[in-house]
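Fold and geometry: a report
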Amino acid sequence: MQILLVEDDLPLAKGLQQALGKQGYVVNHVGTGEAALHVVEYDKPDIVVLDIGLPDIDGISVLKKVRAKDKELPVLMLTARDGLDDKVAGLDSGADDYLVKPFEMTELLARLRVLERRITSVKSNDITVGKVCLDTVAQSVSVDGQPVDLARREYMLLKSLMENAGRVQTRSVLETRLYTWGEEVSSNAVEVHIHRLRKKLGNDFIKTIRGVGYKINLEQGA
Ligand code: CA
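A brief look at the structure comes next. (Residues numbered from 1 in each chain as written. Predicted model: local features only at pLDDT ≥ 70, side-chain atom pairs only at ≥ 80, totals over all residues. Heavy atoms only, no water.)

1. A short note on the overall build of the protein
Applied cut-off: A helix here means a DSSP run of H or I that spans at least four residues, while a strand means a run of E at least two residues long, and both kinds are numbered starting from the N terminus. Here the globule rule is a power law, 2.2 Å times the number of residues to the power 0.38, and the radius of gyration is based on C-alpha atoms. Two residues form a contact once any of their heavy atoms are found within 4.5 Å. Shrake-Rupley sampling with a 1.4 Å probe provides the accessible areas, and residues are treated as covered by the protein chains on show and by no other component.
A tally of regular secondary structure across the protein gives eight helices and twelve strands. The globule rule puts the C-alpha radius of gyration for 222 residues at 17 Å, and the 18 Å found for the protein is close to it. By principal-axis analysis of the C-alpha atoms, the protein measures approximately 55 × 30 × 30 Å. Residue pairs in contact within the protein that sit at least 24 positions apart in sequence constitute 58% of those at least 6 positions apart. Element-wise, carbon and sulfur atoms account for 50% of the exposed surface of the protein, whose accessible area totals about 10900 Å².

As structure tokens, this is what we get:
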């Protein structure tokens, strides 16, 4: 999952970026409402985490502008402790959820999982396709009940594919779910991770759609 974090508190943003990164999210960060609107228009994320108090346009106005064009994009708002009016205004403006600062990381993660379930076909924290099972809470993967050790990006790639099992994911979309802006990405990075995943999961689990991307092969002998 690729998250756009809109937050002008830099230490908080950095902390979230790191913590969420360890949990298999790719987090891109902007510090202003204008920048957020630009990104949503031209480089759409999977989920937006939007602070209400921003230096230029406030988060509620950002949300209204986003919603005018996009009703579906999941938006989780961050509000100040005493900001009850903000909460109400946020939900009225089309926020999917909100968190009051300061919040526990575990709570943010749980709420992100809810938003993820909403935008994928997966309805629980476990995703099972054929003999492969992925646990999004423990971030673990097993094949035929046997745990398999995956590198962080292998896990992120597999998760993105399994959340969309049967649907083709283009190479460029997969790349945005593996690397943040500015990270050095070699042109065959996704292929390399796919190759490693196939070694660990078996060759027929992930199907290559030539010239387009990859998908989980639902027709395999489950
Ligand atoms: Ca703020």
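Now that the structure has been shown, we can carry on.
2. What to know about a negative patch on the surface
The condition is simple: Patches here: salt-bridge-free residues with over 30% relative accessible area, like charges joined within 9 Å, nonpolar side chains (Val, Leu, Ile, Met, Phe, Trp, Tyr) joined within 5 Å. Any carboxyl oxygen of Asp or Glu that lies within 4 Å of a side-chain nitrogen of Lys or Arg is treated as forming a salt bridge with it. For the purpose of counting charges, residues Lys and Arg are taken to be positive, whereas Asp and Glu are taken to be negative. His and the chain ends are not included. By convention, the charge on Lys lies at NZ, on Arg at CZ, on Asp at CG and on Glu at CD.
Taken together, Asp8, Asp9, Glu34 and Asp56 make up a surface patch of like negative charges. Within the element layout of this structure, Asp56 appears in the loop between β3 (47-51) and α3 (59-69).

3. So, the pattern of salt bridges
Once their charged atoms are close, side chains differing in charge can pair, the charge on each being opposite to the other. With the rule as written, the count across this model stands at 14 salt bridges. The salt bridge involving Glu7 is made with Lys101; its shortest N-O contact spans 2.9 Å. Placement of the pair is Glu7 in the loop between β1 (2-6) and α1 (10-22) and Lys101 in the loop between β5 (97-100) and α5 (105-119), with a sequence separation of 94 residues. With a closest N to O distance of 3.1 Å, Asp51 and Lys101 form a salt bridge. Of this pair, Asp51 sits in strand β3 while Lys101 sits in the loop between β5 and α5, and the two are 50 residues apart along the sequence.

4. Some remarks on the coordination of the calcium ion
Put simply, the ideal angle at a metal is 109.5 degrees for four donors in tetrahedral geometry and 90 or 180 degrees for six donors in octahedral geometry. Put simply, the rule reads: Coordinating donors are taken as N, O and S atoms within 2.8 Å of the metal, stretched to 3.2 Å for Na, K and Ca; because water is absent from the atoms, sites can appear incomplete. Each residue is assigned to one of three classes by its accessible area relative to the maximum for its type, calculated with a 1.4 Å probe on protein chains only: buried under 20%, partly exposed between the two thresholds, exposed over 50%.
Coordination sphere of the calcium ion, protein contribution only: Asp8 (OD), Asp51 (OD) and Gly53 (O), at 2.1 to 2.3 Å. For the calcium ion, the single-chain donor residues occur in sequence as D-x42-D-x1-G. With Asp8 in the loop between β1 and α1 and Gly53 in the loop between β3 and α3, the pair connects residues that are 45 residues apart, well separated along the chain. Since its relative accessible area comes to 35%, Asp8 is described here as partly exposed.

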